[in-house]
Amino acid sequence: MGAKYSVTEKFKGIFPAFYACYDEKGDISPQRVEAFTRFLIDKGVNGLYVCGSSGECIYMTKEERMLVLEHVMAVAKGKIPVIAHVAAMSTRESVELAKHAESCGADALAAVPPFYFTLPEYAIEQYWKAMVEATKLPFIIYNIPGTTHYALSMSLFRNMAALDQVVGVKNSSMPTYDIQKFKAAGGEGFVVFNGPDEQFISGRMIGADAGIGGTYGVMPELFILADQAVIQGDNERAREIQYAINEIIEIMTSCQGNLYSVEKEILRLQGIDIGQARLPLPPFTQDDLPKIRKAAELIEESKTRFR
């Protein structure tokens, strides 16, 4: 089993989950989308994952998601691989987003299972297959039971992985054992992305080829360094970097504001303004500011320490 595309090398490394970029009125800012794309490319990331959870996709219209991808591709096309997350509430919109991503030059598609209603597995399979069949692009399954309330079964995984265009899975379940199972069942050339940022090196060591993460955007250098340590077999250094990353994540997630609100303020402190998170995601509070500054300081200190 496994895909016929030679994609393993193309989709290795650090793929930040791209954050939504708004102007002062809360509308999509094409200029800020392009600026943030350049910011991440300049940091040395291996690719981008666009319009996923960190991109606030469920709070955007189909047209807004298309606009974001168009402006990411205006900067990133031909420089680094871009994976477009195209899952939407309806199959029809998902297919439209998939076709649009192909027309923009995206390198691959990804999709979570259908959410809100609890659906039988054959319906989930049909939903994913509709996107697969809509384009010629490689397709990446996204297993994220914490938000979709569906844990990808091995039977559905095997059905999907048997399709030529299905080249990988992003696994955001907490058990790293799931990564081992998906990697073994996917076969040679099948790509597994680690999802939970707090266990990046654990996922890599048990078989993940790469990582897609929501906190990569504020500290891509640390994840790049952790990945390099894993590749070099320097387990002690990898563990130390992961501990530093986790301390920062713990501070960010202890704020009253939503994580994406907190991350955007950290980015502002780093010199790039991409606006605020969109309601109903709660903004950070004044009480959060000391923690936000502390997280930003730790990022800089850790970059210096491990560089």
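Parameters at a glance
Residues numbered from 1 in each chain as written. Predicted model: local features only at pLDDT ≥ 70, side-chain atom pairs only at ≥ 80, totals over all residues. Heavy atoms only, no water. Axes fitted to C-alpha atoms, helices over the stretch in contact; angles between N-to-C directions. Helix = DSSP H or I, 4+ residues; strand = E, 2+ residues; numbered from the N terminus. Parallel < 35°, antiparallel > 145°, perpendicular 65-115°, else oblique. Left-handed = near helix turned anticlockwise from the far one by under 90°. Contact = heavy atoms within 4.5 Å. Nonpolar A, V, L, I, M, F, W, Y, C, P; charged D, E, K, R; others polar. Pairing = 2+ DSSP bridges. Phe/Tyr/Trp six-rings, centres within 6.5 Å; stacked < 30°, edge-to-face > 60°. Buried < 20%, exposed > 50% of the residue type's maximum accessible area, 1.4 Å probe, protein only.

Colleague: Help me get a handle on the packing of helix H11 (residues 259–269) against helix H12 (residues 289–306), residues and values and all.
Modeller: The N-to-C vectors of H11 and H12 enclose an angle of 60 degrees; their axes lie 10 Å apart at closest approach. One finds that H11 runs oblique with respect to H12. H11 and H12 meet at a crossing whose hand is right-handed. Residue-level inspection shows Val262, Glu265, Ile266 and Leu269 of H11 in contact with H12, the latter providing Leu289, Ile292, Arg293, Ala295, Ala296 and Ile299. For the contact of H11 with H12, a count of residues per class yields eight nonpolar, no polar and two charged.

Colleague: Quick rundown of the sheet that holds strand S8 (residues 210–213)? Include the residues and the values.
Modeller: In spatial order, the strands read S1-S8-S7-S6-S5-S4-S3-S2; together these eight strands make up an open sheet with parallel pairing. Two strands bound the open sheet, and with one partner strand each, they are strand S1 (13–16) and strand S2 (48–50). On average, each strand axis in the sheet is inclined to that of its neighbour by 25 degrees, with strand direction left out of account. Examined bridge by bridge, strand S5 (residues 139–143) and strand S6 (residues 166–171) share five bridges and lie parallel to one another.

Colleague: Break down the packing of aromatic side chains for me, with residues and values.
Modeller: One pass over the full model with this rule turns up 13 aromatic pairs. Arranged with centres 5.7 Å apart and planes meeting at 75 degrees, the rings of phenylalanine 15 and phenylalanine 193 form a pair that is edge-to-face. With a gap of 178 residues between them, phenylalanine 15 in strand S1 and phenylalanine 193 in strand S7 (residues 191–194) connect regions that are remote in the sequence. Exposure class is identical for phenylalanine 15 and phenylalanine 193. Each is buried.

Colleague: Residues and numbers for the environment of valine 132, please.
Modeller: Here valine 132 lies in helix H4 (residues 121–134). Given the relative accessible area of 6%, valine 132 is considered buried. In the structure, valine 132 is positioned 37 residues away from valine 95 in sequence and 8.7 Å away in space, judged by C-alpha atoms. Leaving out residues up to four positions away in the same chain, valine 132 has contacts with Phe139, Met160, Gln165 and Val166.

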